[in-house]
Amino acid sequence: MVLDSFRQDVRVGLRVLFKEKSFCILAVLVLCLGIGGATTQFTVVNAIVLRGFSFPHPEQLMSVGLIDPKASDQNNNFGNGNIPAAQDYEDLKAAQKSFSLMAGYLSGSTINLTYKNNPQRYTGGYITEDLFKIVGVSPVMGRDFTAEDNKPGAEKVTILGDDIWRRDFGADPNIVGQSVRINGKAATVIGVMPPNFKFPVSEELWTPLYNEFPPTPRGELQLGANNRAPAVMGRLKPGVTIDQANAEMIAIARHLAEDNPKTNQNFTSASVQPLLKAFTFVGLRQTVWAMLAAVILVLLIACVNVMNMQFGRFGPKNWRSAARSAQPAGDSCARC
């Protein structure tokens, strides 16, 4: 009986809408705006919070940092932790057993590149040799960085993003091996990344970290050198949990604090968390969810508005008469 009544109500409602085409178009437009807004915002939530990176096994990608338990949340990079010096990254990498690969990087940096006497400024990344291997993306032309490329004093090399290769290098198929200048120094293009690859943030080209910023021993950090200490990411080994990796990193952090009291005495803990969480800080996630809730509320308001328009257009008596007139001949409606 309930299903029959529901089907009958839907049938009558559709007949009334189709009979009043202008009202039907208005109702559909209002609902489309609400549904379109909710769908668009859910796409944003899915891309930023739910789906994560489109790399192979993104659940294994982790951010690693050292924590000062006495410092504020802001000084601890809102739970992501910090790497005080490049040597800390090297010691973490050498001592750990939880990650198959680890890499350091400086993202969102400015890199000046000159090609055929045409200087350009790009958003670039300074990375260690394993970063592309960790995310599972290789150059579509040329080769990846090697450990030799990342050594201080090595010949400077760079890998271009697909966008600038097409826009500023004319999609030259022979670009690999050509000479450029990186930050005023001679360099060689060794590869081109796939389209739409701009990791970690919005990088347009990449160059080895230590070739540009040689690591400085602890206790000899010059002014501003902290800006050259890399952020650290890694890929967990299969079967290793985040809690296991976090426990191991805390133990290593304590050993580093004991062995280097002048520089690491405060960093007695560590943080290992999904890379996506590190990239989408708490404020951003809260904002995205709040926007989704607001858009869903707008959709509900749109539905209520359509309902109110229906009731406003047809009072109870008018609704019954309109429903009867909307019925085809021979179709009886007991409720009307």
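Located above this text is the structure these notes cover.
Residues numbered from 1 in each chain as written. Predicted model: local features only at pLDDT ≥ 70, side-chain atom pairs only at ≥ 80, totals over all residues. Heavy atoms only, no water.

**Student:** Would you take a moment to explain the overall build of the protein chain for this structure?
**Tutor:** A count of helices and strands for the protein chain gives 11 helices and 10 strands. Within the protein chain, the fraction of its 336 residues that count as buried is 43%. Put simply, 73% of the contacts in the protein chain that link residues at least 6 apart link residues at least 24 apart. When the accessible area of the protein chain is evaluated, it comes to approximately 18100 Å², of which 58% is carbon and sulfur surface. (Helix = DSSP H or I, 4+ residues; strand = E, 2+ residues; numbered from the N terminus. Buried < 20%, exposed > 50% of the residue type's maximum accessible area, 1.4 Å probe, protein only. Contact = heavy atoms within 4.5 Å. Areas by Shrake-Rupley, 256 points an atom, 1.4 Å probe, with all protein chains shown as cover.)

**Student:** Any chance you could explain the pairing of strand S3 (residues 118-127) here in plain terms?
**Tutor:** The side chains of a regular strand alternate between the sheet's two faces. Of the strand pairs in this sheet, strand S2 (residues 99-115) and S3 are connected by nine bridges, and their pairing is antiparallel. Within the sheet, the bridge partner assigned to Ser109 lies in S3 and is Gly124. Where S2 folds back onto S3 in an antiparallel hairpin, the turn is made up of two residues, including Lys116, whose phi is positive at roughly 55°. Of the pairings in the sheet, the one linking S3 to strand S8 (residues 205-208) comprises four bridges and is parallel in character. Within S8, the position partnered with Ile127 by the bridge is Pro208. (Pairing = 2+ DSSP bridges.)

**Student:** Whenever I open this one, the packing of aromatic side chains confuses me. Can you help?
**Tutor:** The relation between two aromatic rings is expressed through the spacing of the ring centres and the mutual angle of the planes. Using the criterion set out here, one finds 10 aromatic pairs in the structure. On the basis of an interplanar angle of 55° and a centroid distance of 6.3 Å, the ring pair of Phe55 and Phe197 is categorised as tilted. With Phe55 in the loop between helix H2 (21-50) and strand S1 (61-67) and Phe197 in the loop between strand S7 (185-192) and S8, this pair connects stretches of sequence that are 142 residues apart. Phe197 matches Phe55 in its accessibility class, with the two residues each being buried. Consider the rings of Phe132 and Phe145, whose centres lie 6.1 Å apart with planes at 20°: the pair is stacked. In this pair, Phe132 sits in helix H4 (residues 131-135) while Phe145 sits in the loop between strand S4 (141-142) and strand S5 (156-160), placing the two residues 13 residues apart along the sequence. The exposure class assigned to Phe132 is buried, which follows from its relative accessible area of 1%. For Phe145, a relative accessible area of 1% puts it in the buried group. Through pairs of rings, three or more aromatic residues link up here, namely Phe55, Phe132, Phe145, Phe197, Phe199, Trp206 and Phe279. (Phe/Tyr/Trp six-rings, centres within 6.5 Å; stacked < 30°, edge-to-face > 60°.)

**Student:** Please explain the pattern of salt bridges as it appears in this structure.
**Tutor:** Opposite charge on two side chains allows them to pair when their charged atoms are near. If you walk through the whole model with that rule in mind, you get 12 salt bridges. The closest approach of N and O atoms between Arg7 and Asp4, which form a salt bridge, is 2.5 Å. Of this pair, Arg7 and Asp4 both sit in helix H1 (residues 2-19), separated by three residues, roughly a single helical turn. Residue Lys93 pairs with Glu129 through a salt bridge whose shortest N-O separation is 3.9 Å. On the criterion of sequence distance, the pair formed by Lys93 in helix H3 (residues 86-95) and Glu129 in the loop between S3 and H4 is long-range, its members being 36 residues apart. (Salt bridge = Lys/Arg side-chain N within 4 Å of Asp/Glu carboxyl O.)

**Student:** Please clarify how the nonpolar core should be interpreted in this entry.
**Tutor:** Judged by nonpolar contacts, the single largest core of 41 residues is most densely connected at Phe99, Leu113, Phe169, Ile175 and Met249. Those residues in contact with Met249 that sit more than four places away from it in its chain are Val64, Leu92, Gln96, Phe99, Met102, Ala270 and Val272. Core analysis: the second largest hydrophobic core is formed by 22 residues, Ile134, Ile159, Ile190 and Leu276 among them. (Core = buried A, V, L, I, M, F, W, Y, C linked by side-chain atoms within 4.5 Å.)

**Student:** Where do I start with a nonpolar patch on the surface in this structure?
**Tutor:** A grouping of Phe6, Val10, Leu14 and Phe18 is seen on the molecular surface, where their side chains present a nonpolar patch of about 400 Å² in accessible area. Relative to the elements of secondary structure, Val10 occurs in helix H1. (Patch = residues over 30% accessible without salt bridge, like charges linked within 9 Å, V, L, I, M, F, W, Y side chains within 5 Å.)

**Student:** Explain the packing of H3 against helix H7 (residues 242-259) to me, please; I cannot follow it from the model alone.
**Tutor:** Across the interface, H3 lies against H7 with an axial gap of 10 Å and an inter-helix angle of 125°. Taken together, the axis directions place H3 and H7 in an arrangement best described as oblique. The element H3 and its partner H7 pack so that their crossing is right-handed. Here Asp88, Asp91, Leu92 and Ala95 of H3 come into contact with H7, specifically with Glu248, Met249, Ile252 and Leu256. Each residue belonging to the contact of H3 with H7 can be placed in one class, and the counts come to five nonpolar, no polar and three charged. (Axes fitted to C-alpha atoms, helices over the stretch in contact; angles between N-to-C directions. Parallel < 35°, antiparallel > 145°, perpendicular 65-115°, else oblique. Left-handed = near helix turned anticlockwise from the far one by under 90°. Nonpolar A, V, L, I, M, F, W, Y, C, P; charged D, E, K, R; others polar.)

**Student:** Help me understand H7 in this model?
**Tutor:** Residues separated by three or four positions in an α-helix point in the same direction, a consequence of the helix having 3.6 residues per turn. For H7, which comprises 18 residues, the first-to-last C-alpha distance of 26 Å matches the rise-based estimate of 26 Å (1.5 Å per residue) to within 8%. Looking only at H7, the buried set comprises Ala245, Glu248, Met249, Ile250, Ile252, Ala253, Leu256 and Ala257. (Expected span 1.5 Å × (residues − 1).)

**Student:** How do you make sense of the side chain of Gln60 when you look at a structure like this?
**Tutor:** Along the chain, Gln60 turns up in the loop between H2 and S1. Discounting residues that sit within four places of it in the chain, Gln60 has contacts with Gly234, Arg235, Leu236 and Pro238.

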